[in-house]
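# Residue-level structure breakdown
Each chain, letter by letter, is given below.
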Amino acid sequence: AQSVTQPDIHITVSEGASLELRCNYSYGATPYLFWYVQSPGQGLQLLLKYFSGDTLVQGIKGFEAEFKRSQSSFNLRKPSVHWSDAAEYFCAVGAVGGRGKLIFGQGTELSVKP
Amino acid sequence: DGGITQSPKYLFRKEGQNVTLSCEQNLNHDAMYWYRQDPGQGLRLIYYSQIVNDFQKGDIAEGYSVSREKKESFPLTVTSAQKNPTAFYLCASSPLAGSTDTQYFGPGTRLTVL
């Protein structure tokens, strides 16, 4: 069965520092991969997605993610974090032919220190 | 503006009462989804629908019911059979039936059962 693991429940970084949020998935074939962000009490907004092609994907708000098949990972990165990036981040995986269903990780809450 | 609306934003109900959460989209999307979000558990799929008058159970359908009489509407009823209904509920839609793609989320409804 498909699954998604976000090993870090909570991460704190200083403003201006770099950020990497980890995501590991379990799926037999090449999955469709997503990163979403959620501000408190709000819905989810798509940051970026990977379906095929270049394994380094650029998204909104200066985020990028790299698909590494050998490590079953899709880690999210940002070179310089801003205070407004404080939020919860979710990794999700969808199956080819999966009727549109996505499996979400448990989320990583990001705090930003001034 | 195109998007997904959920109403109300906050909902309070007494234990044992059924309650219906509204979800409307004007994106002309085929597929719609309902998720439940609890702290530390990510998003769990309740029900999804690919076309009008058809829907499928997700991972945690017990105690919930849905209908899809119109393409733009996918209301969720939380019944008295749901043992722990207090949660944040998110509705989403995606463009094509049966196809894995970006899901677009509404702002959510926070249900509190007293």
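Presented here is an overview of the structure given in this document. (Residues numbered from 1 in each chain as written. Chains lettered and ligands numbered in written order. Predicted model: local features only at pLDDT ≥ 70, side-chain atom pairs only at ≥ 80, totals over all residues. Heavy atoms only, no water.)

## Things to note about the overall build of chain A
Within chain A one finds 0 helices and 12 strands. Relative to its length of 114 residues, chain A is compact, with a C-alpha radius of gyration of 14 Å against a globular reference of 13 Å. When its C-alpha atoms are laid out on the principal axes, chain A stretches across 45 × 30 × 20 Å. Expressed as a percentage of the 114 residues in chain A, the buried residues total 43%. Relative to all contacts within chain A whose residues are 6 or more apart in sequence, the contacts with residues 24 or more apart total 54%. On chain A, roughly 5,400 Å² of surface is accessible, and the fraction owed to carbon and sulfur atoms is 48%. Counting 10 positive and 9 negative side-chain charges, chain A places the averaged centre of each group 8 Å from the other. (Helix = DSSP H or I, 4+ residues; strand = E, 2+ residues; numbered from the N terminus. Rg over C-alpha atoms; globule rule 2.2 N^0.38 Å. Buried < 20%, exposed > 50% of the residue type's maximum accessible area, 1.4 Å probe, protein only. Contact = heavy atoms within 4.5 Å. Areas by Shrake-Rupley, 256 points an atom, 1.4 Å probe, with all protein chains shown as cover. Lys, Arg positive; Asp, Glu negative; His and termini not counted. Charge placed at Lys NZ, Arg CZ, Asp CG, Glu CD.)

## Comments concerning the environment of B:Pro85
Residues and elements named next belong to chain B. Relative to the helices and strands, Pro85 resides in the loop between β8 (76–78) and β9 (87–94). Considering only alpha carbons, one finds Pro85 and Lys57, 28 residues apart in sequence, at a separation of 17 Å. With sequence-adjacent residues up to four places away left out, Pro85 is seen in contact with Arg36, Val78, Leu111 and Val113.

## Considerations on the interface of chain A and chain B
Between chain A and chain B, the residue contacts involve 22 residues of the former and 23 residues of the latter. In this assembly, chain A packs against chain B so that about 1,800 Å² is buried in total across both faces, 52% of it on carbon and sulfur atoms. The interface formed by chain A and chain B includes 1 salt bridge. Measuring nitrogen to oxygen at the nearest pair gives 3.3 Å for the salt bridge that ties A:Lys49 to B:Asp101. Linking chain A to chain B there are 7 residue pairs in polar contact (both at pLDDT 80 or more). Tallying contributions element by element places strand β5 (residues 32–38) of chain A first for the side of chain A that touches chain B, with 4 residues. Residues that form the side of chain A that touches chain B fall into these classes: 10 nonpolar, 9 polar and 3 charged. (Buried area = accessible area lost by both parts, 1.4 Å probe. Salt bridge = Lys/Arg side-chain N within 4 Å of Asp/Glu carboxyl O. Polar contact = N/O pair within 3.5 Å; in protein donor to acceptor, adjacent residues only side chain to side chain. Nonpolar A, V, L, I, M, F, W, Y, C, P; charged D, E, K, R; others polar.)

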